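So you can see what is in the structure, the chains are spelled out below.
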Amino acid sequence: MQHVESENIYRLKNIGLPAIRVLNDLATATRLSPEFLKIISGRSKRFYKIYEVEKKSGGRRIISQPSRELKAIQGWILRNILDKLSVSPYSKGFEKNTSILDNAYPHIGANYILSLDIEDFFPSIHASHVYNIYRSVGYSKNISRIFTNLSVYDGGLPQGAPTSPKLANLICSKLDARVSGYAGPKGITYTRYADDLTLSAQTAKKILKAHDFIKFILKDEGLTVNDKKTCIQGPRKKKIVTGLVVTEKSVGVGREQLRIIRAKIHHLFTGENSDIAHVNGLISYLYGVDKKSYRKTIQYIDKLTQKFGYSPQNLISSKERIVKSKKSNSIQKKKSVKPVISISDA
């Protein structure tokens, strides 16, 4: 038993993870008392504030907000352990150097796109799967239980904890492997952005067959498809993936969204809109996901500045716009930094 434990500690150190053997080690690493850690891990449910928020699509979402103390510990776990583990290459959400653009980009040129949404994503991911993540990298049963207690609420991942998105992605590596294992050989492209699964192909037959099989895989993984959000987009429909319009040759915000942004900018100049922070946020969003529309928007702002003889105060400055414009003249795919170890290697 001691030999196995020594091997696990050596392995943890070797891959750059904290060598936590007992509760006192965790107390030293987090600079918290063992007594406090024992209380907060044993009664973690008491350290959450539960409330509901309206969903954009209708209905209500339950938020489980950890207390300041618990959130700080979860932040430590995220920075020192979870962020050093790699997820599957098909996971495009909540990861460093990835965005909705990375999720939509692979589907450029597809004739048919299937979008599936996992219902109650975080709460559906059981505590046992969280425990297996910590065990798989080398932590003892007791420490894995403590980490699990600090990471879950009411038996599942809490919507509101900083650890939940990363844990969900790590746990869904098996799901990604199964879906891509089915999709790849059939010429179907697959990506996942958190609870949104996207598959694309050139024929309707492939997508219709994939729809039934992916639903089976999700059910087998203990997850449920939200049928109300299931969508198949064909050649005659506008194809939207995680909010971006995908065409034969490109991906971007689309004409409709660009018109809305331009209207809000125009209203800043006419005095009908005063929310400059919101407009600046939209301009930054364009820069991140659609360089072509971003440049058009900058040109539009310059024209309005000439027309009205001034630019609204605090609207993104000419200097900032020039710096951003020079950084990239086309969509650049970001390269992720390779983490220390993947769960499949563990």
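See the structure above.
Numbering of residues starts from 1 in each chain and follows the order in which that chain's sequence is written. At least 70 in pLDDT is required for a residue's local features to be given in this predicted model, at least 80 for side-chain atom pairs to be given and counted, and no such filter applies to totals for whole chains, interfaces and linings, which use all residues. As a rule here, side-chain values cover all heavy atoms of the structure and leave hydrogens and water aside.

Their axes nearest at 10 Å, the elements helix α10 (residues 173-183) and helix α11 (residues 204-220) cross at an angle of 155 degrees. Classified by the angle between their axes, α10 and α11 sit roughly antiparallel to one another. Here α10 and α11 pass one another in a crossing that is right-handed. For the pair α10 and α11, contact is made by L175, R178, V179 and Y182 and by K209, A210, F213, I214, F216, I217, L218 and D220, respectively. Each residue is assigned to one class: nonpolar for Ala, Val, Leu, Ile, Met, Phe, Trp, Tyr, Cys and Pro, charged for Asp, Glu, Lys and Arg, and polar for all the others, Gly among them. In the contact of α10 with α11, the residues fall into nine nonpolar, no polar and three charged. For helices, the axis comes from a line fit to the C-alpha atoms of the stretch in contact; other axes are also lines fit to C-alpha atoms, and the angle between any two N-to-C directions lies between 0 and 180 degrees. Elements are defined by DSSP. Helices are runs of H or I of four residues or more, strands are runs of E of two residues or more, and each kind is numbered from the N terminus. For classification, angles of less than 35 degrees are called roughly parallel, those exceeding 145 degrees roughly antiparallel, those between 65 and 115 degrees roughly perpendicular, and all remaining angles oblique. Left-handed describes a crossing whose near helix is turned anticlockwise from the far helix through less than a right angle; right-handed describes the clockwise counterpart. Any pair of residues with heavy atoms lying within 4.5 Å of one another is described as a contacting pair.

Turning our eyes to something else, we now look at the environment of T163. Tracing the backbone through its elements, the reader meets T163 in the loop between α8 (141-151) and α9 (164-171). Relative accessibility thresholds used throughout: buried, under 20% of the residue-type maximum; exposed, over 50%; partly exposed, between the two (1.4 Å probe, protein chains only). Classification of T163 by relative accessible area gives buried; the value is 0%. Along the backbone, T163 and L150 are 13 residues apart, and their C-alpha atoms lie at a distance of 9.4 Å. The contact partners of T163, leaving out residues within four places of it in the chain, are Q74, I77, L78, L82 and S151.

Let's shift gears to the pairing of strand β2 (residues 60-66). By definition, two strands form a pair when at least two bridges between them are found by DSSP. Pairing of strand β1 (residues 48-54) with β2 involves seven bridges; the strand directions are antiparallel. Residue pairing in the sheet places I50 in a bridge with S64 of β2. Linking two consecutive strands that pair antiparallel, namely β1 and β2, is a turn of five residues; a positive phi of about 105 degrees is found at G58 within it.

On to the side chain of T297. Within the secondary structure, T297 is located in helix α14 (residues 291-308). According to the relative accessible area criterion, T297 is buried, its value standing at 1%. If we skip the residues at most four places from it in the chain, T297 touches L258, I265, I283 and L286.

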